[in-house]
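Now for the letters of each chain:
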Amino acid sequence: MVKYAVHSRWQWPDGVPSAETMQGWHREHRTTSIAEDIIWWQIDENTHQSIIIYSTEEDAKDELLKREEQRKQTINETGHKMLEETMGPILSIMSEA
């Protein structure tokens, strides 16, 4: 079974939210997402990137519509926008080598 990653880059018009705000969003996602993990990191004051790790490509596809709906809602609330999104099978994970 091959794990699957979804990577995205986001731009925030009023600055990237605080780490505490983002951690709160993660707490909410933890109870509703089938993802193994979601990691967000800041690039500059208005840009962050994320990676979502799924156990399988099927899990990522199963959650796609839900992710898109959540994104529409939060984008309407905050005005941020996705700059890019890529996804594909994970080739190697150092912690699992």
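Structure shown above.
*Asks:* Go over the overall build of the protein with me, naming the residues and quoting the values.
*Replies:* In terms of regular secondary structure, the protein is built from three helices and four strands. Secondary structure of the protein in N-to-C order comes out as β-α-β-β-α-α-β. Its C-alpha atoms give the protein a radius of gyration of 14 Å, near enough to 13 Å, the size a compact globule of 97 residues would have. When burial is assessed residue by residue, the protein has 35% of its 97 residues classed as buried. Contacts in the protein between residues far apart in sequence, at least 24 positions, make up 71% of those at least 6 positions apart. Carbon and sulfur atoms make up 52% of the accessible area of the protein, which amounts to about 6600 Å² in all. Looking at charge distribution, the protein has the averaged site of its 10 positive side-chain charges lying 1 Å from that of its 18 negative ones.

*Asks:* Give a description of the sheet that holds strand β2 (residues 37-44) that names residues and reports values.
*Replies:* The strand order across the open sheet formed by four strands is β2-β3-β1-β4, and the pairing between neighbours is antiparallel. Each edge of the open sheet is held by one strand with a lone partner, namely β2 and β4 (81-89). Across this sheet, the average inter-strand angle for adjacent strands is 15 degrees, counted without regard to direction. Taken together, the eight bridges between strand β1 (residues 4-11) and strand β3 (residues 47-54) define a ladder with antiparallel strand orientation. Residue alanine 5 lies in a different strand from β3, and its bridge partner there is isoleucine 53. In this fold helix α1 (residues 19-32) packs onto β2 and β3, with an angle of close to 160 degrees to the strand it touches most, β2. Against the sheet, helix α3 (residues 64-78) contacts β1, β3 and β4, and its axis sits at roughly 15 degrees relative to β1.

*Asks:* Please provide a residue-by-residue account of the nonpolar core, values included.
*Replies:* Judged by nonpolar contacts, Tyr4, Val6, Ala35, Ile38, Ile52, Tyr54 and Ala60 together constitute the single largest core of seven residues. Contributions of two or more residues to this core are made by β1 and β3. Not counting residues up to four positions away in its chain, the partners in contact with tyrosine 54 are Lys3, Tyr4, Val6, Ile34, Ala35, Glu36, Asp59, Ala60, Glu63 and Arg67.

Conventions used here
Residues numbered from 1 in each chain as written. Predicted model: local features only at pLDDT ≥ 70, side-chain atom pairs only at ≥ 80, totals over all residues. Heavy atoms only, no water. Helix = DSSP H or I, 4+ residues; strand = E, 2+ residues; numbered from the N terminus. Rg over C-alpha atoms; globule rule 2.2 N^0.38 Å. Buried < 20%, exposed > 50% of the residue type's maximum accessible area, 1.4 Å probe, protein only. Contact = heavy atoms within 4.5 Å. Areas by Shrake-Rupley, 256 points an atom, 1.4 Å probe, with all protein chains shown as cover. Lys, Arg positive; Asp, Glu negative; His and termini not counted. Charge placed at Lys NZ, Arg CZ, Asp CG, Glu CD. Pairing = 2+ DSSP bridges. Axes fitted to C-alpha atoms, helices over the stretch in contact; angles between N-to-C directions. Core = buried A, V, L, I, M, F, W, Y, C linked by side-chain atoms within 4.5 Å.

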